[in-house]
Amino acid sequence: VRNDPFNPDSPFKTVEVNVNETSTGSLMFGLGVNSDAGFTGSVVLNERNFDLFRLPTSLEDAISGNAFRGAGQEFRLEAVPGTQVQRYMVSFREPFLFDSPYSLTTSGYFFQRFYNEYSEERLGARVTLGRKIADHWSIAGTVRAENVDVGNVYFFAPPDYLNVVGGNFQVGARVGVTFDDRDSILRPTKGQNAELAYEQVFGDRVFPLVNFDFSKYWTV
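Residues numbered from 1 in each chain as written. Predicted model: local features only at pLDDT ≥ 70, side-chain atom pairs only at ≥ 80, totals over all residues. Heavy atoms only, no water.

Things to note about the overall build of the protein chain
- Scanning the protein chain from terminus to terminus reveals two helices and ten strands.
- Reported as C-alpha extents along the three principal axes, the dimensions of the protein chain are approximately 90 × 40 × 40 Å.
- Considering only intrachain contacts with a sequence separation of at least 6, the fraction spanning at least 24 residues in the protein chain is 41%.
- Of the roughly 15,300 Å² of accessible surface on the protein chain, 60% is carried by carbon and sulfur atoms. (Helix = DSSP H or I, 4+ residues; strand = E, 2+ residues; numbered from the N terminus. Contact = heavy atoms within 4.5 Å. Areas by Shrake-Rupley, 256 points an atom, 1.4 Å probe, with all protein chains shown as cover.)

Here we look at the sheet that holds strand E8 (residues 166-180)
- If you trace the ten strands from one edge of the open sheet to the other, you get E1-E2-E3-E4-E5-E6-E7-E8-E9-E10, paired in antiparallel fashion. Single-partner strands in this sheet number two, and they are strand E1 (25-34) and strand E10 (207-217). Ignoring which end each strand starts from, the neighbouring axes of this sheet average 15° apart.
- Alignment of strand E9 (residues 191-203) against E10, held across eleven bridges, turns out to be antiparallel. Note that in E10 the partner of Glu-199 across the bridge is Leu-209. (Pairing = 2+ DSSP bridges. Axes fitted to C-alpha atoms, helices over the stretch in contact; angles between N-to-C directions.)

Brief notes about the nonpolar core
- Counting residues in hydrophobic clusters, the biggest one holds five residues: Tyr-118, Val-148, Val-150, Val-153 and Ala-157.
- Apart from the residues lying within four places of it in its own chain, the contact partners of Val-150 are Tyr-118, Ser-119, Val-164, Val-165, Gly-166 and Asn-168. (Core = buried A, V, L, I, M, F, W, Y, C linked by side-chain atoms within 4.5 Å. Buried < 20%, exposed > 50% of the residue type's maximum accessible area, 1.4 Å probe, protein only.)

What about the pattern of salt bridges?
- On inspection of all chains with the given rule, the structure shows ten salt bridges.
- The partner of Glu-195 in a salt bridge is Arg-174, with the nearest N and O atoms 3.4 Å apart. Here Glu-195, found in strand E9, pairs with Arg-174, found in strand E8; they are 21 residues apart in sequence, far enough to count as distant.
- The shortest N-O distance in the salt bridge between Asp-180 and Arg-182 comes to 2.7 Å. (Salt bridge = Lys/Arg side-chain N within 4 Å of Asp/Glu carboxyl O.)

Here we look at the pairing of strand E3 (residues 73-80)
- The sheet contact formed by strand E2 (residues 38-50) and E3 spans six bridges and is antiparallel. From the neighbouring strand, Val-44 faces E3, where its bridge partner is Glu-78.
- As defined by bridge partners, E3 adjoins strand E4 (residues 85-94) across seven bridges and the pair is classed as antiparallel. In the sheet register, Glu-74 faces E4, and the bridge partner there is Arg-93.
- Adjacent in sequence and paired antiparallel, E3 and E4 are bridged by four residues.

Some details on the layout of surface pockets
- Considering only enclosed or pocket space, the largest pocket measures out at about 1,800 Å³ in volume.
- Considering the residues around the largest pocket, the lining is formed by 44 residues, among which Arg-93, Thr-105, Asp-180, Arg-182 and Ile-185 are closest to the centre.
- For the lining of the largest pocket, the residue count by class is 13 nonpolar, 17 polar and 14 charged.
- In this model, the second largest pocket occupies a volume close to 240 Å³.
- Surrounding the second largest pocket, Tyr-118, Glu-120, Arg-122, Val-148, Val-150, Asp-160, Tyr-161, Val-164, Asn-168, Gln-170, Arg-205 and Phe-207 form its lining.
- Listing elements by their share of the lining of the second largest pocket, those giving two or more residues are strand E6 (119-132), strand E7 (137-151), helix H2 (159-162) and E8.
- Tallied by class, residues from the lining of the second largest pocket come to six nonpolar, two polar and four charged. (1 Å grid on protein atoms, 1.4 Å probe; cavity = no way out; pocket = protein on both sides within 12 Å on 5 of 7 lines; lining within 4 Å. Points joined across faces, edges and corners; volume = space filled by probe spheres on them. Nonpolar A, V, L, I, M, F, W, Y, C, P; charged D, E, K, R; others polar.)

Observations concerning a nonpolar patch on the surface
- Taken together, the side chains of Ile-133, Trp-137, Ile-139, Val-175, Val-177, Leu-196, Tyr-198, Val-210, Phe-212 and Phe-214 present a nonpolar region at the surface, about 980 Å² in accessible area.
- Of all the secondary-structure elements, those providing two or more residues to the nonpolar patch are E7, E8, E9 and E10.
- Among the elements that make up the nonpolar patch, the one with the highest residue count is E10 (three residues). (Patch = residues over 30% accessible without salt bridge, like charges linked within 9 Å, V, L, I, M, F, W, Y side chains within 5 Å.)

Some details on unusual backbone geometry
- If you check the backbone angles, Phe-68 has positive phi at about 55° while not being a glycine.
- Locating Phe-68 in the fold gives a position in the loop between helix H1 (59-64) and E3.
- In this model, Phe-98 sits at a positive phi of 55°, which is unusual for a non-glycine residue.
- Tracing the sequence through the fold places Phe-98 in the loop between E4 and strand E5 (102-114).
- You can call Phe-98 exposed: its relative accessible area is 75%.

Here you go:
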């Protein structure tokens, strides 16, 4: 805090604030084995202060890490290869769309799973528009489009399996309400998270989905 040199008796002061930004990016590696899903690996790149429009102005700007940073957006790139399950996903989230209380999340994904009775591949994209309606309450609407490819089905399998062999295109419209009072999204130690959602799916198959998820956290 310093006085105005041209008017030292002024009640208004000049406040200088220096801010050092903490690390907002992470690169995580993982390796696992599961009796149901076999061997899997994991590579996750996550940036919590992403800027979609902050293009690099030079090679030094790109190397220093200043490019694509600074707008408070979130970018996540995830690769999970495996022997029976593999998943690849890229997502982008704008928490305050056009400086409003609305959030926008977009993602694209590829999923593959080998079961004993059949194999399944999913290729799709998802767009979510959300809004916070209270301190711990939020509402979100999601539209997803994906193709589900079912294969490796035995010829003597039940009709429920045989009827869906090949590509199955579907579009889902979903609305959900969430209550979340966790102390941290990444590493919660207390609080709870609950979501109630309804989704109507159209396309080659038409069906409704109702989901309720609840998680409670304690410190051990």
